[in-house]
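Take a look at the letters that make up each chain.
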Amino acid sequence: MDKLFHLNERGTTVSREIVAGITTFLAMAYILIVNPSILATEGTGMAWGPVFTATAISAALATLVMAFCANLPVALAPGLGLNAFFTYSVVFGMGCSWQFALTAVFVEGIIFIVLSVCGVREAIIKSIPENLKKAVSVGIGLFITIIGLVNAGICATNTGTPVGFVNLTFDNATALVAVIGLIITIVLFTLKVPGSILIAIIATTIIGIPFGVTKIPENFSPFSAPSTPYFFQFEWAHVLSVKFIVVLVTFLFTDMFDTIGTLLGVAEQGNLKDSNGDIKNVKGALLSDAIGTVAGACLGTSTVTSFVESSSGVAAGGRTGLTSVTTAVFFLLSLFLSPLFFLVPSAATAPALIFVGYLMMKAVVDIKFDDPTEGIPAFITIAVMPFSYSISKGIMWGIIAYIISKLAGRKAKDIPVVTWILGAIFIADIIFEAVK
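First, a word on what this report is: a plain description of the structure on this page. Because the structure is a prediction, the values reported are computed rather than measured.

## Some points on the overall build of the chain
Scanning the chain for helices and strands turns up 18 helices and four strands. Compactness check: the chain gives a C-alpha radius of gyration of 21 Å against a globular reference of 22 Å for 436 residues, within 12% of the reference. In terms of overall dimensions, the chain has C-alpha extents of about 65 × 55 × 55 Å along its principal axes. Across the 436 residues of the chain, 57% fall into the buried class.

## Re the nonpolar core
Counting 103 residues, the largest nonpolar core has Phe 86, Phe 257 and Ile 260 as its most contacted members. The dominant element in this core, judged by the number of residues it contributes, is helix H11 (residues 242-270), at 13 residues. Setting aside chain neighbours within four positions, we find Phe 257 in contact with Ile 124, Ile 391, Ser 392, Ile 395, Leu 422 and Phe 426.

## Topic: a nonpolar patch on the surface
A cluster of nonpolar residues, Ile 202, Ile 206, Ile 209, Ile 216, Phe 220 and Leu 340, forms a patch on the protein surface that exposes about 510 Å² of accessible area. With three residues, helix H10 (residues 196-211) is the single largest residue contributor to the nonpolar patch. Considering the arrangement of structural elements, one finds Phe 220 in the loop between H10 and H11. Here Phe 220 falls in the partly exposed class, since its relative accessible area comes to 30%.

## Thoughts on unusual backbone geometry
You will see that Lys 192, though not glycine, has its phi angle at about 60 degrees, which is positive. Position of Lys 192 among the secondary structure elements: in the loop between helix H9 (173-190) and H10. At Tyr 389, a position not held by glycine, the phi torsion is positive, near 60 degrees. Mapping Tyr 389 onto the fold places it in the loop between helix H16 (372-388) and helix H17 (391-408). On the basis of relative accessibility, which here comes to 41%, the residue Tyr 389 falls in the partly exposed class.

## Looking at the side chain of Thr 205
Along the chain, the position of Thr 205 falls in helix H10. Using a relative accessible area of 12% as the deciding quantity, one classes Thr 205 as buried. Thr 205 has contacts with Thr 214, Leu 343, Val 344, Pro 345 and Ala 348, leaving out every residue within four places of it along the chain.

## Section: the environment of Phe 355
Tracing the backbone through its elements, the reader meets Phe 355 in helix H15 (residues 346-360). According to the relative accessible area criterion, Phe 355 is buried, its value standing at 7%. Apart from residues lying up to four places away in sequence, Phe 355 is in contact with Leu 182, Thr 185, Ile 186, Phe 189 and Ile 197.

## Brief notes about the pattern of salt bridges
Overall, the coordinates contain 10 salt bridges when judged by the stated rule. With a shortest N-O distance of 3.2 Å, Asp 289 and Arg 121 are connected by a salt bridge. Of this pair, Asp 289 sits in helix H12 (residues 282-299) while Arg 121 sits in helix H7 (residues 120-127), and the two are 168 residues apart along the sequence. By relative accessible area, Asp 289 is classed as buried at 0%. Linked by salt bridges that have partners in common, Glu 130, Lys 134, Glu 268 and Lys 273 make up one network.

## Observations regarding helix H4 (residues 48-70)
A rise of 1.5 Å per residue sets the reference length of H4, with its 23 residues, at 33 Å; its end C-alpha atoms lie 32 Å apart and thus fit the reference within 8%. The element H4 is extensively covered by neighbouring structure, given that 17 of its 23 residues are classed as buried. Following H4 by one or two positions, Asn 71 has its phi on the positive side, about 50 degrees.

## So, the packing of aromatic side chains
Enumeration over the complete set of coordinates arrives at 16 aromatic pairs. Summarising the aromatic geometry, the rings of Phe 25 and Phe 331 are spaced 5.0 Å apart at their centres and angled 85 degrees between planes, so their arrangement reads as edge-to-face. A residue pair is termed long-range when its members are at least 10 positions apart, and Phe 25 in helix H2 (residues 14-28) and Phe 331 in helix H14 (residues 321-341) qualify at 306 residues. Overall, the relative accessible area of 0% leaves Phe 331 in the buried class. Between Tyr 30 and Phe 307, the aromatic rings sit 6.5 Å apart at their centres with planes inclined by 50 degrees, giving tilted as the arrangement. Residue Tyr 30 is found in the loop between H2 and helix H3 (31-39), and its partner Phe 307 is found in the loop between strand E4 (304-306) and helix H13 (310-315); the two are separated by 277 residues along the sequence. One Lys or Arg, Arg 121, reaches over the ring of Phe 112 and ends 4.0 Å from the middle of that ring.

## Section: the side chain of Ser 127
Along the chain, Ser 127 falls in helix H7. Within the local environment of Ser 127, its side chain forms a polar contact with the backbone oxygen of Ile 124, the two atoms lying 2.6 Å apart. Dropping the residues within four chain positions of it, Ser 127 is found in contact with Pro 416, Val 418, Thr 419 and Leu 422.

Calculation notes
- Residues numbered from 1 in each chain as written.
- Predicted model: local features only at pLDDT ≥ 70, side-chain atom pairs only at ≥ 80, totals over all residues.
- Heavy atoms only, no water.
- Helix = DSSP H or I, 4+ residues; strand = E, 2+ residues; numbered from the N terminus.
- Rg over C-alpha atoms; globule rule 2.2 N^0.38 Å.
- Buried < 20%, exposed > 50% of the residue type's maximum accessible area, 1.4 Å probe, protein only.
- Core = buried A, V, L, I, M, F, W, Y, C linked by side-chain atoms within 4.5 Å.
- Contact = heavy atoms within 4.5 Å.
- Patch = residues over 30% accessible without salt bridge, like charges linked within 9 Å, V, L, I, M, F, W, Y side chains within 5 Å.
- Areas by Shrake-Rupley, 256 points an atom, 1.4 Å probe, with all protein chains shown as cover.
- Salt bridge = Lys/Arg side-chain N within 4 Å of Asp/Glu carboxyl O.
- Expected span 1.5 Å × (residues − 1).
- Phe/Tyr/Trp six-rings, centres within 6.5 Å; stacked < 30°, edge-to-face > 60°.
- Lys NZ or Arg CZ within 6 Å of the ring centre and 35° of its normal.
- Polar contact = N/O pair within 3.5 Å; in protein donor to acceptor, adjacent residues only side chain to side chain.

Here it is, written out as C-alpha cells:
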C-alpha cells in the first residue's frame, strides 16, 4: 500500500486515509440527491433513478482515476452550477433536449482530455501568480463556509438584512443542531482526536434524531436496488450549430476554472506541492476530471468536476489517493445502500464545511498585502468567490485585477504571457454576457 500511494512520504497512515475518505464522502454525498433532483426536474424528460445511478458510478470512476493517476485526495462528481446550467439554461431556457445537452458535455470532456494530455490546462495553472494561488485557497475556504452556513439554515436572506443569521431556537432546529455539531467539531479537533470531523458528523446525525432533523422513515431498509442509467444517449444533429457552440464553451469555461480553483485550494491546504510550488501530479488530476466528464456523459449525467468538499477529507488527514479510493468505494456502495447514507442530514455535514473554512484561511498570512499590485488582486479573488457563489468568477476577476494592478504599478513585465491571454478571454466573456 505504501509503495502504491507513498503513505510514509506524505506522513499519513492507512487508517487516517480511510477516515478522510469517509469524511469526504459524507461531506459531498448530498450530490447523490441534488444532482438527480435538478437533472430530472419535471419537464426535462429524464428520470430520477437512472440519473442517481449515473451520478454514483461517474463519481466513483472519476475519483478512482484521480487516485491512481494523480495520487491526490480529491473526489469528483457531477458539479453543482453545471447541472443547473444543463437543466435550466440549456433544456428549459434554450428549448433543447437533454440528449443535446449530454452531447455538449461529452464533447467538452473529449476536448479536456486533449488539452490535459497536451499540457494546456497545466500551463494555465502554472500561469496563475503565486499570491493569487494562495488567495484562491482562502476564497474557497470562505466559499465553502457559506455553503455550510446556508445548507445548515444558519445563514438566511429573510432576517431583515441582505444576509443574516437566524435565531437558534427549536423553530430553527436544523441550524441549532448544526451549531451543536460545530461545537463538537471544534472540541474534538482542538483535543487532537483522530477522525474528529468524521466523529462529529456521526454524532451530529444521532443528535439530530430527537430534534427531528435526522429523519428515519417508516419501514426503513438500508438496501435498495439501483436503476439502469442512460447509456450513450447523444444527439449529433446540431453539433455544428451556434447554439451548440455557445453551450459547449460555457461548459468548458466554468468546468475548467472550477477544477483549477479546487485543485489549488486542496493542494495549498494539504501541502501537496512539489519543489517548484506546483500541484503534485497535476496532469493526472486534470486528466481524471476530463475522463470523469466523458464517463458521466456516456452514463447520462452532467459535467463531472473536482469537488471543493474534498478539503474536508484533507482536514481529516487525507494526503494520498487512498483517500480517493475510499470515497469511490462509498459512492459504489451508495448504489445499494442509498437510504442509509441519506439519513445523514445537511446539519451534520455543514459543520465540517464551516470548519474547513478556518483551515483554509491559514494561507492568508503568506499573501503580500503590503504590495498593492499583489494584495489588491488577492483581495478581489478572496471576496468574489463567496459573494458570487462561484470559484471560476473569483479566479476571473482576480486575474483581471492582477493585470490592472500591475499595469497601474508599472510592473507589466511581471505579467506572464498566459495570464495576458486569460485576461483577454475573461474580458471577452464579460462583454459577451453583457450583450447577449
